[in-house]
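In case you want the letters, here they are:
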Amino acid sequence: MAKIVFISGATAGFGKACALRFAKEGYDVIITGRRKERLDELKKIIESSFPQKALALCFDVQKRKQVFKHINNMPEDWKRINILINNAGLAAGRDLFDEADIDDWDAMIDTNVKGLLYVSKAVIPFLIAGKNGHIINMGSIAGKEVYERGNAYCASKFAVDAISKSMRLDLLRHQVRVTNISPGAAETEFSLVRFKGDEEKANAMYKGYKPLTAEDIAELCFYVTSLPSHVCINELEVTCLAQANTYTTFKSH
Ligand code: NDP
Ligand code: 8X3
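As a starting point, this report considers the structure included with it. Residue numbers here run from 1 along each chain, matching the order of that chain's written sequence. Chains carry letters from A onward and ligands carry numbers from 1 onward, assigned in written order. Totals for whole chains, interfaces and linings use every residue, but because this is a predicted model, local features are given only for residues with pLDDT of at least 70 and side-chain atom pairs only at 80 or more, for both listing and counting. The side-chain quantities take in all heavy atoms of the structure and omit both hydrogens and water.

Brief notes about the pattern of salt bridges
Every case where a carboxyl oxygen of Asp or Glu lies within 4 Å of a side-chain nitrogen of Lys or Arg is listed as a salt bridge. The tally for this structure, following the rule as stated, stands at 14 salt bridges. The salt bridge partner of Glu-76 is Lys-79, with a shortest N-O separation of 3.0 Å. The partner of Lys-165 in a salt bridge is Asp-161, with the nearest N and O atoms 2.9 Å apart. Linking Lys-165 with Asp-161, this pair stays in helix 5 (residues 151-170), spanning 4 residues, or about one helical turn. Looking at Lys-165, the relative accessible area reads 42%, which means it is partly exposed. One network of salt bridges, in which partners are shared, links Lys-144, Asp-161, Lys-165 and Glu-235. Only DSSP runs of H or I with at least four residues qualify as helices, and only runs of E with at least two residues qualify as strands; both kinds are numbered from the N terminus onward. Summary of the burial criterion: residues with accessible area below 20% of their type's maximum are buried, those above 50% are exposed, and those between are partly exposed, where the area comes from a 1.4 Å probe applied to protein chains only.

Quick notes on the site of ligand 2
Lining the immediate surroundings of ligand 2 are Ser-140, Ala-142, Tyr-147, Tyr-153, Phe-190 and Arg-194. At 2.6 Å, a side-chain N or O of Tyr-153 approaches an oxygen atom of ligand 2. Under the convention used here, a 1.4 Å probe and the Shrake-Rupley method define accessible areas, while residue burial counts only the protein chains that appear. Within the complex, 87% of the 240 Å² of free accessible area of ligand 2 lies under protein. For ligand 2, the cavity whose grid points lie within 2 Å of the majority of its atoms is the largest pocket. Only heavy atoms are used to decide nearness, and a residue is near a molecule or strand if one of them lies within 4 Å of it. The term polar contact refers here to a pair of N or O atoms within 3.5 Å; inside protein, the definition further demands a hydrogen-donor-capable atom paired with an acceptor-capable atom, and it admits residues adjacent in sequence only when both atoms are side-chain atoms. We place a 1 Å grid over just the protein atoms. Points where a 1.4 Å probe fits but has no way out form a cavity, open points with protein on both sides within 12 Å along at least 5 of 7 lines form a pocket, and any residue with an atom within 4 Å of a point lines it. By definition, a pocket or cavity contains a molecule when more than half of the molecule's atoms lie within 2 Å of the pocket's grid points.

Some thoughts on the layout of surface pockets
Grid points are joined across faces, edges and corners, and a volume is the space filled by probe spheres set on the points. Taken as a whole, the largest pocket holds about 1,200 Å³ of empty space. Along the walls of the largest pocket sit 49 residues, with Leu-90, Ala-91, Tyr-153, Thr-188 and Phe-190 positioned nearest its centre. Of all the secondary structure elements, the ones that give two or more residues to the lining of the largest pocket are helix 1 (13-24), helix 4 (102-130), helix 5 and helix 6 (190-194). The biggest single contributor to the lining of the largest pocket is helix 6, with 4 residues.

Brief notes about the side chain of Asn-82
Among the secondary structure elements, Asn-82 is positioned in the loop between helix 3 (64-72) and strand 4 (83-86). There is a polar contact of 2.8 Å between the side chain of Asn-82 and the backbone nitrogen of Ile-4. Whether two residues are in contact is decided by their heavy atoms: any pair within 4.5 Å suffices. With sequence-adjacent residues up to four places away left out, Asn-82 is seen in contact with Lys-3, Ile-4, Leu-127, Asn-132, Gly-133 and His-134.

Here's the deal with the site of ligand 1
As a structural note, the neighbourhood of ligand 1 is formed by 30 residues, with Thr-11, Arg-34, Asp-60, Tyr-153 and Thr-188 the closest of them. Thr-11 is positioned such that a nitrogen or oxygen atom in its side chain is 2.7 Å from an oxygen atom of ligand 1. Thr-188 is positioned such that a nitrogen or oxygen atom in its side chain is 2.6 Å from an oxygen atom of ligand 1. About the coverage of ligand 1: the protein hides 96% of its 870 Å² of free accessible area. Among the cavities detected, the one that contains ligand 1 is the largest pocket. Secondary-structure elements contributing two or more residues to the shell around ligand 1 are helix 1, helix 5 and helix 6.

In short, the description is geometric, and any link to function would need to be established separately.
Here is the structure:
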């Protein structure tokens with residue numbers, strides 16, 4: 001029977017690349033997100049490209065009742081989850097603290113922190129039951145070091161870092177591996193979302209250097225899960241070669 005990976009936020013970026021990477025490696029995949037058409041399309045691509053199955057669950061991680069309803073109502077066969085990738089998240093705005101929009105702060109805290117907690121709470125019983133479970137939490141270098149105008153986004157990713165450490169302690173007795181991955185700048189829809197559809201601003205974030213790609217992150221997610229089950233990569237911080245930290249990137253033009 002194929003192993004199962006549950007990926008939050010699989011309609012774009014890292015999550016989508018992870019779904020394709022794990023399906024290629026023989027995993028059945030549970031793909032989630034708010035955009036149903038994208039989930040349906042990804043399910044079709046996976047099932048026509050690989051001999052694997054995909055289950056699409058369309059819900060908003062911010063909505064606690066929706067999270068539990070969708071996860072608890074999955075067909076029994078799909079509850080044998082081996083890996084949870086807590087990836088759904090966003091940055092909204094890049095403004096000075098005193099000028100930032102409080103709705104943006106709410107969206108980031110509700111998605112990146114509370115959403116991750118809800119999904120984890122709903123999925124963890126299945127990981128424990130299956131033995132040798134693995135949780136990957138998508139942090140950020142913004143969760144290691146704050147940068148100007150990062151305020152609530154940085155805070156939400158510092159929270160992910162703390163949640164990863166707490167999970168590792170509290171789930172130790174169940175032998176669940178917990179890996180916190182902290183990427184630097186990667187070219188996905190992240191900046192388009194952050195700048196609310198402003199393509200010029202979004203594209204400018206990736207000019208003059210070669211940023212990470214979604215496939216780079218998917219490769220790392222697969223790598224950490226492919227090690228012998230007694231080996232746990234606790235923390236993995238990764239940037240492209242041009243980026244030294246949250247505020248220093250070497251640009252050629
Ligand atoms: P994308 O915008 O490309 O993808 C984000 C994914 O998250 C989408 O599938 C989106 O699905 C999902 N998502 C967002 N909000 C919700 C919600 N409320 N409910 C359910 N799903 C949601 O961004 P990335 O792939 O780049 O980002 C993935 C993660 O990686 C995020 O947590 C981000 O903070 C983190 N990260 C990104 C970096 C980067 O530079 N790109 C660097 C470091 C970390 P939908 O809109 O369909 O709901
Ligand atoms: C995304 C990376 O540096 O744009 O988490 O905040 S950064």
